[in-house]
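Tertiary structure, described
This is what each chain is made of:
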Amino acid sequence: MMSLMKMNEYVAIQEKICEKNDYIAPRLYDEYGVNRGLRDDRGVGVLTGLTNISKIVSSKVQNGKKVPCDGELWYRGYRVENLIGSLGEDELGFEKVAYLLLMGELPNAEEQHEFEKIIGGLRTLPSNFTRDVIMKAPTEDIMNSMTRSILTLASYDKNAKDTGVNNSLRQCIQLISEFPMLAVYGYNAYNHYVKNDSMFIHRPAKNLSTAENILMLLRPDKKYSKVEAKVLDTALILHMEHGGGNNSTFTTRVVTSSGSDTYSTMAAAMSSLKGPKHGGANIKVMEMMDNIRGHIKDYEDKDEIEAYLSKILNKEAFDNKGLIYGMGHAVYSLSDPRERVFKDYVVKLAHEKGREKDLRLYENIEELAPELIAKQRKIFKGVSPNVDFYSGFVYDMLGIPMELYTAMFAVARIVGWSAHRIEELITNNRIMRPAYMSIMEKNPQI
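What this report covers is the structure whose coordinates are included nearby. (Residues numbered from 1 in each chain as written. Predicted model: local features only at pLDDT ≥ 70, side-chain atom pairs only at ≥ 80, totals over all residues. Heavy atoms only, no water.)

1. Remarks on the sheet that holds strand β3 (residues 78–79)
One open sheet accounts for three strands, arranged β1-β2-β3; its pairing is antiparallel. A single partner strand is all that each edge strand has here, and the edge strands are β1 (54–62) and β3. In this structure, strand β2 (residues 65–75) lies alongside β3, joined through two bridges in antiparallel fashion. By the bridge assignment, Tyr75 is partnered in β3 with Tyr78. (Pairing = 2+ DSSP bridges. Helix = DSSP H or I, 4+ residues; strand = E, 2+ residues; numbered from the N terminus.)

2. With respect to the packing of aromatic side chains
Applying the stated criterion across every chain yields a total of nine aromatic pairs. Their ring planes at 55° and their centres at 6.1 Å tell us that Tyr187 and Tyr190 sit as a pair that is tilted. Of the two residues, Tyr187 and Tyr190 both sit in helix α8 (residues 165–193), three residues apart, roughly one turn of that helix. Aromatic pair Tyr395 and Tyr405: ring centres 5.3 Å apart, planes at 55°, arrangement tilted. Here Tyr405 lies in helix α18 (residues 405–427) and Tyr395 lies in helix α17 (residues 388–397), a separation of 10 residues in the sequence. When sorted by exposure, Tyr395 lands in the same class as Tyr405, which is buried. Linked through ring pairs, Tyr362, Phe389, Tyr390 and Phe393 together constitute an aromatic cluster. In this structure, Lys357 packs its charged tip against the face of Tyr299, placed 4.9 Å from the ring centre. (Phe/Tyr/Trp six-rings, centres within 6.5 Å; stacked < 30°, edge-to-face > 60°. Buried < 20%, exposed > 50% of the residue type's maximum accessible area, 1.4 Å probe, protein only. Lys NZ or Arg CZ within 6 Å of the ring centre and 35° of its normal.)

3. Here we look at the packing of helix α11 (residues 247–257) against α18
To describe two helices that pack against each other, one gives the angle between their axes and the distance between the axes. Closest axis-to-axis distance for the α11/α18 pair is 9 Å, and the angle between their directions is 35°. Here α11 runs over α18; the crossing is right-handed. For the pair α11 and α18, contact is made by Ser248, Thr249, Thr252, Arg253, Thr256 and Ser257 and by Arg413, Trp417, His420, Arg421, Glu423, Glu424 and Leu425, respectively. Class assignment for the residues of the contact of α11 with α18 results in two nonpolar, six polar and five charged. (Axes fitted to C-alpha atoms, helices over the stretch in contact; angles between N-to-C directions. Left-handed = near helix turned anticlockwise from the far one by under 90°. Contact = heavy atoms within 4.5 Å. Nonpolar A, V, L, I, M, F, W, Y, C, P; charged D, E, K, R; others polar.)

4. Regarding the pairing of β2
Inspection of the sheet shows β1 paired to β2 by eight bridges, in the antiparallel sense. Bridged to Val57 within β2 is Glu72. The loop that links β1 with its antiparallel partner β2 comprises two residues; one of these, Asn63, has a positive phi angle of about 55°.

5. Some points on the nonpolar core
Core analysis: the biggest nonpolar cluster contains 113 residues, and Tyr75, Phe179, Ile292, Leu309, Phe342 and Ile365 have the highest contact counts within it. With 12 residues, α8 is the largest single contributor of residues to this core. Excluding anything up to four places from it in sequence, Ile292 contacts Tyr308, Leu309, Ile312, Leu361 and Ile365. (Core = buried A, V, L, I, M, F, W, Y, C linked by side-chain atoms within 4.5 Å.)

6. Some details on the pattern of salt bridges
Pairing between side chains of opposite charge can happen when their charged atoms approach one another. Inspection of the entire model under this criterion finds 26 salt bridges. We note a salt bridge from Arg79 to Glu81, for which the minimum N-O separation is 2.7 Å. Classification of Arg79 as partly exposed rests on a relative accessible area of 25%. Salt bridges sharing common partners tie together Asp290, Arg293, Arg355, Asp358 and Asp396. (Salt bridge = Lys/Arg side-chain N within 4 Å of Asp/Glu carboxyl O.)

7. Focus: the layout of surface pockets
Counted as a void, the second largest pocket has a volume near 680 Å³. As for the second largest pocket, its lining consists of 22 residues, and the residues nearest its centre are Val34, Asn35, Ala435, Tyr436 and Met437. Take the lining of the second largest pocket: its biggest share by element is three residues, from helix α2 (residues 26–32). Of the residues in the lining of the second largest pocket, the class split is 15 nonpolar, five polar and two charged. (1 Å grid on protein atoms, 1.4 Å probe; cavity = no way out; pocket = protein on both sides within 12 Å on 5 of 7 lines; lining within 4 Å. Points joined across faces, edges and corners; volume = space filled by probe spheres on them.)

8. Some thoughts on α18
For α18, spanning 23 residues, the distance from its first C-alpha to its last is 33 Å, which sits close to the expected 33 Å at 1.5 Å a residue. Maximum bend of α18: about 40°, positioned at Arg413. Of all 23 residues making up α18, 20 are buried, and the element is well covered by its neighbours. (Expected span 1.5 Å × (residues − 1). Bend = angle between axes of the 7 residues up to and from the residue.)

9. Comments concerning unusual backbone geometry
For Asn63, which is not a glycine, the phi torsion comes out positive at approximately 55°. By the secondary structure assignment, Asn63 is in the loop between β1 and β2. Asn63 sits in the exposed class, given a relative accessible area of 83%. Its identity is not glycine, yet Arg76 carries a phi of approximately 50°, on the positive side.

10. So, the side chain of Arg413
Examined against the element boundaries, Arg413 turns out to sit in helix α18. An unpaired buried charge is present at Arg413: no salt bridge exists, and Glu241, the closest side chain of opposite charge, is 5.0 Å distant. Among the polar contacts made by the side chain of Arg413, one reaches the main-chain carbonyl oxygen of His239 at a distance of 2.8 Å. Excluding residues that lie within four positions of it along the chain, Arg413 makes contacts with His239, Met240, Glu241, His242, Asn246, Ser248, Thr249 and His278. (Lys, Arg positive; Asp, Glu negative; His and termini not counted. Polar contact = N/O pair within 3.5 Å; in protein donor to acceptor, adjacent residues only side chain to side chain.)

Right, here's the structure in full:
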């Protein structure tokens, strides 16, 4: 069998050949009117479908002109901040909002109770699944662990291939219930077998919400505060869905359109979400913040902070990419509504955890970074902090390990993916087949 060293030597040579033959000059995209990433340089996307599930607003028409505005995020006709604001001070709304996204309307008290009971009752895995599947090949990449588990769960489903709406809805609800366990147990296996730490596996509680179960499953003593549960619940609601045009949701609809089953569809969405340009963004924010803390002495000194942020922008610090992570969004311009809603809960948790000093650093960067970026870059739309800017900070305060950050995103976004899968099954019956313009030159040698 060929050694890994020999194989690495071979692909190192072949890489140069690929780079020569696969390179496409950026000017050709402008010349042929092709939008890279399905978005133009102003962040406007190419329409690929219709949806009733959610909506993003980033601009409005004034005096016949399109102008940036404060961002809006709508779930099934409701602004997300109004949905969260309608909940009681200690009320946890993940299940209620999940019902809204899946079914298209808010549940009454009886419907909500029934849905919560079903979700709680489904928080279980097949016999020995945790031992035989999750713990069999522990890995730092929890998203890979979860994806493997999702595909394996299909083997335990007698109707895995049935793509009818009824069966697909059943599968989606089951996966929404199971995702917290797949994530936390995947981390517990890695923590024990790879990091040589203690092992504990708690059973989920049927009467607890999704947020409460996550905190309970993660902690040796199973304890958490009302504020912690409320903040995590809010984070999950805000990450649940985002307009339908994001990479992983588009993946969900593309794979669904091919006639594939629910498990394969969700595995594909997971593979999309795990990318650092999508679900892994909050990890980059945390890495950047750790770097900044190592180079800033006074978190209150705006001049010192501004000087170091300028170094990051000039590719002289952190990862030398010239990016201040957590700033800007593909669609939003003046503000990300999720960040604005989340900020109040971040402040509450920071006070409870005694992290006011760190909060002040975040707030100073939030104030200074957009101004610096606007000065140094040609910006077609406004720059503002996005939800990823604070989400990693919140997970850190909650004691959620960094290996689980993207997995927490998945625990929330499985709801949005499920809603879009059901809508695609009901509305469309055609495979999505994007077109690529060929610029290949004919080779006359043969």
